[in-house]
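An overview of the molecular structure
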Amino acid sequence: MKRLIQRGLMFGNLIHVDSPALVDRYNRALKHLTGRQTQLADFHVDISGYSPEVGDELGDPLYLNQGGCNRQFILLTTQQKTAPLLDAAFSMSRGILRQFIEENEAQLFALTAKDAVAGELLNTVYAIDRPARLFDIRRIRIEADTTTGTVRDAEKLGRMVDRFMAEEDAWFDDVLIADMITVAKRTGDVTRNPVRLKQMEFVQDNYWTAHFGGLYLFRGVAHPAAIASADKTGLGEMPIAHVFDMGDRNQIARFLELNDLVEPIVRARGIDAGAILRQKMDFIVVDAAQDAGIDLSGATRREIRALARDYASRLPDEFHALQDLVIWAEDGGRWPRIASDHPAYFYTLRASDHPDRDLVNQLLAELGPKDIRQLFICHKPLFYRLYAGWSETKKSYVADFLDREYQVDKAGARAALFGHEAPMDRASSARDEMVARVGPWGAVRGR
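Here the structure is a predicted model, which is why all the values come from computation and not from measurement.

Thresholds, definitions, all that
Residues numbered from 1 in each chain as written. Predicted model: local features only at pLDDT ≥ 70, side-chain atom pairs only at ≥ 80, totals over all residues. Heavy atoms only, no water. Pairing = 2+ DSSP bridges. Helix = DSSP H or I, 4+ residues; strand = E, 2+ residues; numbered from the N terminus. Axes fitted to C-alpha atoms, helices over the stretch in contact; angles between N-to-C directions. Contact = heavy atoms within 4.5 Å. Polar contact = N/O pair within 3.5 Å; in protein donor to acceptor, adjacent residues only side chain to side chain. Patch = residues over 30% accessible without salt bridge, like charges linked within 9 Å, V, L, I, M, F, W, Y side chains within 5 Å. Areas by Shrake-Rupley, 256 points an atom, 1.4 Å probe, with all protein chains shown as cover. Salt bridge = Lys/Arg side-chain N within 4 Å of Asp/Glu carboxyl O. Phe/Tyr/Trp six-rings, centres within 6.5 Å; stacked < 30°, edge-to-face > 60°. Buried < 20%, exposed > 50% of the residue type's maximum accessible area, 1.4 Å probe, protein only. Lys NZ or Arg CZ within 6 Å of the ring centre and 35° of its normal. Core = buried A, V, L, I, M, F, W, Y, C linked by side-chain atoms within 4.5 Å. Domains from an automatic or database assignment. 1 Å grid on protein atoms, 1.4 Å probe; cavity = no way out; pocket = protein on both sides within 12 Å on 5 of 7 lines; lining within 4 Å. Points joined across faces, edges and corners; volume = space filled by probe spheres on them. Nonpolar A, V, L, I, M, F, W, Y, C, P; charged D, E, K, R; others polar.

Comments concerning the sheet that holds strand β3 (residues 72–75)
- With antiparallel pairing, four strands are arranged side by side in an open sheet as β3-β4-β5-β6. Each edge of the sheet is formed by a strand with only one pairing partner; in this case those strands are β3 and β6 (201–203). Taken over all neighbouring pairs, the strand axes of this sheet differ in orientation by 20° on average, direction set aside.
- Packed on one face of the sheet, helix α2 (residues 20–34) meets β3 and β4 (117–122) and runs near 160° to β3.

Here's the deal with the side chain of threonine 209
- Following the sequence through the fold, threonine 209 ends up in strand β7 (residues 206–209).
- Of the polar contacts made by the side chain of threonine 209, one reaches the backbone nitrogen of histidine 211; its length is 3.2 Å.

Section: a nonpolar patch on the surface
- On the surface, Met1, Ile5 and Phe11 cluster together to form a nonpolar patch covering roughly 250 Å² of accessible area.
- By secondary structure assignment, the location of isoleucine 5 is in helix α1 (residues 2–6).

Digging into the packing of aromatic side chains
- On inspection of all chains with the given rule, the structure shows 14 aromatic pairs.
- Seen in terms of ring centroids, phenylalanine 383 and tyrosine 384 are 5.7 Å apart; in terms of plane orientation they differ by 75°. Their pairing is edge-to-face. The pair phenylalanine 383 / tyrosine 384 is uniform in exposure class, with both members buried.
- Ring centres of phenylalanine 383 and tryptophan 390 lie 5.7 Å apart, and the angle between their planes is 85°; on these two criteria the pair is classed as edge-to-face. Each member of the pair phenylalanine 383 and tryptophan 390 is classed as buried.
- Each member of the aromatic cluster is reached from another via a ring pair, and the members are Phe376, Phe383, Tyr384, Tyr387, Trp390 and Tyr406.
- Above the ring of phenylalanine 376, the side-chain terminus of lysine 380 is found at 4.3 Å from the ring centroid.

Focus on unusual backbone geometry
- Here phenylalanine 11, not a glycine, exhibits a phi torsion of approximately 60°, which is positive.
- Here phenylalanine 11 lies in the loop between α1 and β1 (15–17).
- When its relative accessible area of 38% is taken as the criterion, phenylalanine 11 is described as partly exposed.
- Notably, phenylalanine 212 is not glycine yet its phi reads approximately 55°, a positive angle.
- Checked against the element boundaries, phenylalanine 212 lands in the loop between β7 and β8 (215–218).
- You can call phenylalanine 212 partly exposed: its relative accessible area is 30%.

A few points about the pattern of salt bridges
- Applying the stated criterion to the full structure yields 27 salt bridges.
- Glutamate 263 is paired through a salt bridge with arginine 350; the nearest N and O atoms lie 2.8 Å apart. Here glutamate 263, found in strand β11 (residues 262–264), pairs with arginine 350, found in strand β12 (residues 349–351); they are 87 residues apart in sequence, far enough to count as distant.
- You can call arginine 350 buried: its relative accessible area is 2%.
- The residue arginine 404 makes a salt bridge to glutamate 405 at a minimum N-O spacing of 3.5 Å.
- Among the residues examined, glutamate 405 registers a relative accessible area of 32% and is labelled partly exposed.

Quick word on the sheet that holds β8
- With mixed pairing, the four strands of this open sheet are ordered in space as β7-β8-β9-β10. Looking along the sheet, the strands with just one partner apiece sit at the ends: β7 and β10 (243–245). Neighbour-to-neighbour, the strand axes of this sheet turn through a mean angle of 15°, independent of strand direction.
- Where strand β9 (residues 225–228) and β10 come together, three bridges link them in parallel fashion. Looking at the pairing, isoleucine 227 lines up with phenylalanine 244 of β10.

So, the nonpolar core
- Grouped together as the largest cluster of nonpolar side chains are 78 residues, with contacts concentrated most on Phe218, Leu256 and Phe383.
- Tallying contributions element by element places helix α9 (residues 273–292) first for this core, with 10 residues.
- Mapped onto the domain boundaries, this core takes at least three residues apiece from domain 1 (1–203) and domain 2 (260–418).
- Residues within four places of phenylalanine 218 in sequence aside, it is in contact with Asp205, Asn206, Pro224, Ala225, Ile227, Ile240, Phe255, Leu261, Leu359, Val360 and Leu363.

What to know about the environment of arginine 141
- Positionally, arginine 141 belongs in strand β5 (residues 139–146).
- Relative accessible area serves as the criterion here: at 40%, arginine 141 is assigned to the partly exposed category.
- Along the chain, arginine 141 and phenylalanine 202 lie 61 residues apart, while their C-alpha atoms are 6.2 Å from each other.
- Sequence-distant contacts of arginine 141, that is, excluding residues within four places in its chain, are made with Glu120, Leu121, Leu122, Met200 and Glu201.

Re the pairing of β4
- By the criterion of burial, β4 is predominantly enclosed, with five of the six residues buried.
- Inspection of the sheet shows β3 paired to β4 by four bridges, in the antiparallel sense. Paired with phenylalanine 73 across the strands is glycine 119, a residue of β4.
- As defined by bridge partners, β4 adjoins β5 across six bridges and the pair is classed as antiparallel. For alanine 118, the partnering residue across the bridge sits in β5 and is aspartate 145.

Regarding empty space enclosed by the protein
- Within this structure, the stated rule accounts for five cavities of 30 Å³ or more.
- Empty space within the largest cavity amounts to approximately 110 Å³.
- As for the largest cavity, its lining consists of 14 residues, of which Cys69, Arg71, Phe90, Ser93 and Leu121 are closest to the centre.
- Residue composition of the lining of the largest cavity, grouped by class: nine nonpolar, four polar and one charged.
- For the second largest cavity, the full set of lining residues is Ile265, Ile276, Lys280, Arg350, Asp371, Arg373, Gln374, Leu417 and Phe418.

Below, the structure is given as structure tokens:
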């Protein structure tokens, strides 16, 4: 993993905590949440305040996420909103934390100027001892305050101020006035500078979890289903009609189609479909070269494509199917029939424009793991796990490629691959009509 760390592809964009004041605030929050403290003088934290160095020191990588269920967090600065979430047990956790920080940024900026903010992502489940328990997770709310209870005290002071203003004889209530003064010394003037965090609750019907080998839950769609990364028979009884695993390619394809969750890359507007497919072909060549023991260190695109020419007959079916699709898209060749049981099928898709597109792109990355760029962007836990088992030459190529092609413009790369243009009010072209009727699902559909 050293190559990835050196290039900022692993543990990248973390927040460095190196001042005695911040370390002291972190320790107060850590003790408040867990009863433990760190002896480190500097370390790095992610969006939730989790530190891999502190986790290593404590011998507990789950010190802020016991049971992998209700994630605790420590905020030292609002800059944490741009950091990743390490070892996420649920796909929605980072998005929820970022939205919480952005919605309360002014308040959090003021609070973290003097203290750390500690909190928790709460749901009604405290232990996930069987897969069916995941279906009890629907609403997630955030509880947060400083270690000294500033938000709690501010709410208390606000109620006392309201009482003082409403009651006629409040001016003569010495006890009330004394209490207000005492609390105000801790909170400041809440009438001019309110200290209040928005009460936020998030409903999550569709998400991925790392529990039980990885599981995708889609409940908020017309045709619900659960999709397991591991063998579905190990899940036991599930409170949902359809449960698939990665071997059920036809069923997953049908599920994605019925719920209108995907679109063919060649149909997507505003992207260079040919370039995307060609890059996927290059990755397939790299994977085949690893199996053949070919050294890829420092290999350029020209050299990768030279390998494709030299070893064309030995390349897998995915390569040839994508090549036929490129020929059809760019040169008007014969339409290639790529049915859902074909190994190239899921490489031809991307998520359509809907709120769960990141989740669907993550699923597609797992179904097409040879596309290392999409795998890295959309499913980092799986990327890191597979990376550990690759040959040294493939590790070198992948790290160099991501550093050279992705790191320089992350936002641009994501937009080019997964961005969506606003729909255009015009008649469909002949090519769009062909894809709409034929699609990557094989047989021509009736009109």
